[in-house]
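Okay, here's what each chain looks like letter by letter:
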Amino acid sequence: MGGIADYSGALVLQWPIREATRVALLPWNEQHLSITSVRPGGLERHCDVPLHLVADPHRPYADVRAWFGRDPARHWAAYVAGVFHVLAREHGVHFRNGAAILIESNVPEGKGVSSSAAIEAATMEAVVAAWPVRIEPRIRAVRCQQVENLIVGAPCGVMDQMASICGEAGSLMSLLCQPAEFQGSVRLPGGLGVWGIDSGIRHAVTGVDYAAVRIGAFMGYRILAALAGLRVTPGQRAGHVQIDDPRWRGYLANVGREAFRRFEQDIPETLDGAAFLARYDGTTDLVTSVDPARRYAIRTPTAHPIDEHERVTEWAGLLTAPAPADAARLGALMYESHASYSACGLGSDGTDRLVSLARAAGPARGIYGAKITGGGSGGTIALLGDASAGETVGAIAREYAGETGRDAYVFEGTSPGAARIGAIRLDAA
């Protein structure tokens, strides 16, 4: 719960999946990083990255990002090599020698289950163990987010990295994204279970839809600041501003549903980027930029994180209340969240059909709720049901696969995050 509201400061709850990414790292005297990735079925990728590119603490992030570019032969390695550059810049780690790095993962890519965050988290754990640097788990997650934002070029929030590092098996990670306030774990009641079903439709946070919705939300926050009379000053670069905001502390999620309704009709449904920039100068988001040539949806992407924050807060409250959790209400909030994703334009025929099948199964077959996860526009749905509803979940996946001809992988089970597992050091005899 929470999904794309993380970049607006919402509370999020994430369930760590059983699938895992493993990174083996061998420091050596070569002046490059030799990065190899293998996946089930024997798929192998390899990329050599010059050490001087990532070890220079003065090299701008943009220069490193440009080296990886969008070339598929290089771009995938940015998730790994970027960890070195972020640690060099932000923590002064001296990488005088390179390393051979082997990545093995059974976390499906492009399914909305944080495959990129898993690679960053596992790499971070290995590098921190191999070099003399101590960084607390929360900060390691923030640094992994910087890898993805500043080097990979994906405008993701921090929740995936935090769950991949700090998650606890059998519990939901609770994180208030202001910017990354880890609030511990929330146990799922023994009578309930969580599953995921892959729609077979690939999703990516680098996709245009996700970025446009994020930009629309930040445009909405900027307009709200003007409506509320907050002080706005120019930012450090064109297209960005700073807002003195003691009222909402800089986060759209803090606006609240009641306050937002008072301003809602004054926020345009859509607006051209050029018109927005001419009137409002820019947004506070440092990892995206408003395209003057594009028209953006604003009102709906602005409403989503405000409503989602309240939904997730209620969800967490139901799980932690002294009385048994109201499974029907938990499910209803999930369906509301799914509808809100779709209203933002982040739905897909596959995820909509899976949610429809889950709703049709209903409590009579042990299913209480379902929603799209991750950045939307495909990927995976999460389901909440009775702990014994695994066969119903399997039946939903088989029915969907039969209708669409797509694979419908079922995510079942859980595991701890990288910081809880830790690194294993092997020394030569």
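Cut-offs and rules
- Residues numbered from 1 in each chain as written.
- Predicted model: local features only at pLDDT ≥ 70, side-chain atom pairs only at ≥ 80, totals over all residues.
- Heavy atoms only, no water.
- Axes fitted to C-alpha atoms, helices over the stretch in contact; angles between N-to-C directions.
- Helix = DSSP H or I, 4+ residues; strand = E, 2+ residues; numbered from the N terminus.
- Parallel < 35°, antiparallel > 145°, perpendicular 65-115°, else oblique.
- Contact = heavy atoms within 4.5 Å.
- Nonpolar A, V, L, I, M, F, W, Y, C, P; charged D, E, K, R; others polar.
- Buried < 20%, exposed > 50% of the residue type's maximum accessible area, 1.4 Å probe, protein only.
- Pairing = 2+ DSSP bridges.
- 1 Å grid on protein atoms, 1.4 Å probe; cavity = no way out; pocket = protein on both sides within 12 Å on 5 of 7 lines; lining within 4 Å.
- Points joined across faces, edges and corners; volume = space filled by probe spheres on them.

Draft legend 1. Region of the structure containing the packing of helix α2 (residues 61-68) against helix α6 (residues 137-152). It is at 8 Å that the axes of α2 and α6 come closest, and there the two elements cross at 70 degrees. By the criterion of interaxial angle, the relationship of α2 to α6 is roughly perpendicular. Side by side, α2 and α6 meet where Tyr61, Val64, Arg65 and Phe68 of the first sit next to Gln146, Leu150, Ile151 and Val152 of the second. Of the residues assigned to the contact of α2 with α6, the class counts are six nonpolar, one polar and one charged.

Draft legend 2. Representation of the side chain of Ser115. Topologically, Ser115 is positioned in helix α5 (residues 115-130). Residue Ser115 is classed as buried on the basis of its relative accessible area of 15%. Setting aside chain neighbours within four positions, we find Ser115 in contact with Val107, Pro108, Glu109 and Gly110.

Draft legend 3. Seen up close, the sheet that holds strand β8 (residues 192-198). Pairing in this open sheet of four strands is antiparallel, and the strands run β13-β14-β8-β15 from one edge to the other. Strand pairing shows two members of the sheet lacking a second neighbour, β13 (367-372) and β15 (410-411), which therefore form its edges. Packing against the sheet, helix α13 (residues 349-361) makes contact with β8, β13 and β14 (380-386), and its axis sits at approximately 170 degrees to β13.

Draft legend 4. Highlighting the layout of surface pockets. In this structure, the second largest pocket encloses a volume near 680 Å³. In this structure, the second largest pocket is lined by 27 residues; those nearest its centre are Tyr7, Pro179, Arg214, Tyr251 and Asp285. For the lining of the second largest pocket, the elements supplying multiple residues, two or more each, are α6 and α8 (208-227). With six residues, α6 is the single largest residue contributor to the lining of the second largest pocket. Counted by class, the lining of the second largest pocket contains 15 nonpolar, seven polar and five charged residues.

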